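# Structure assessment
Okay, here's what each chain looks like letter by letter:
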Amino acid sequence: MELIIDRIESDIAVCENIDRTMVDIPLFLLPEGVKAGDVISKNELGEYVIDSDKTLERKQRIKRLLNNLWE
C-alpha cells in the first residue's frame, strides 16, 4: 500500500491513500524526517519507509504540470 503524506499535525501524519481516502498514522510509526509530499509504503517487515524514487517522480510530475499552466 502506497500513501502520500498530506500534512503533519502535531504527532499524526495525515496521509492520502490511492483511492483518495485519508488515513491518520502516528508519527512514531514513520521514519524520522518524513515530511509532507513524501510517498511511503510498508516494507517486508511491516515498517513504513519513504519511497524516495516515487517521491521524486511525484515532485517532478507536479513541477511539469505547474510549468505547463504558465506556458
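First, a word on what this report is: a plain description of the structure on this page.

The rules behind each value
- Chains are numbered independently. Their residues run from 1 in the order of the written sequence.
- Given that this is a predicted model, residues contribute local features only at a pLDDT of at least 70 and side-chain atom pairs are listed and counted only at 80 or more, while totals for whole chains, interfaces and linings are drawn from all residues.
- Water and hydrogen atoms play no part in the side-chain values, which are based on all heavy atoms of the structure.
- Secondary structure is summarised from DSSP: a helix means a run of H or I of at least four residues, a strand means a run of E of at least two, and numbering begins at the N terminus for each.
- Accessible area is worked out with a 1.4 Å probe on protein chains only. A residue is then buried under 20% of its type maximum, exposed over 50%, and partly exposed in between.
- In protein, a polar contact means a hydrogen-donor-capable atom and an acceptor-capable atom, both N or O and within 3.5 Å, with residues adjacent in sequence counting only if both atoms are side-chain atoms; elsewhere, any N or O pair within 3.5 Å suffices.
- Any Lys or Arg side-chain nitrogen located within 4 Å of an Asp or Glu carboxyl oxygen qualifies as a salt bridge.

Here we take up the environment of N17. Following the sequence through the fold, N17 ends up in strand β2 (residues 12-17). Judged by its relative accessible area of 17%, N17 is buried.

With that settled, consider the side chain of D38. Relative to the helices and strands, D38 is located in the loop between β3 (22-26) and β4 (39-42). Classification of D38 by relative accessible area gives buried; the value is 2%. In this structure the side chain of D38 is engaged in a polar contact, spanning 2.9 Å, whose partner is the backbone nitrogen of K35.

Here the focus is the pattern of salt bridges. On inspection of all chains with the given rule, the structure shows 5 salt bridges. Here R7 and E9 are joined by a salt bridge, their closest N and O atoms 2.6 Å apart. K35 is the salt-bridge partner of D38, the closest N and O atoms lying 3.5 Å from each other. Several salt bridges share partner residues, and in doing so they unite D6, R7 and E9 into one network.

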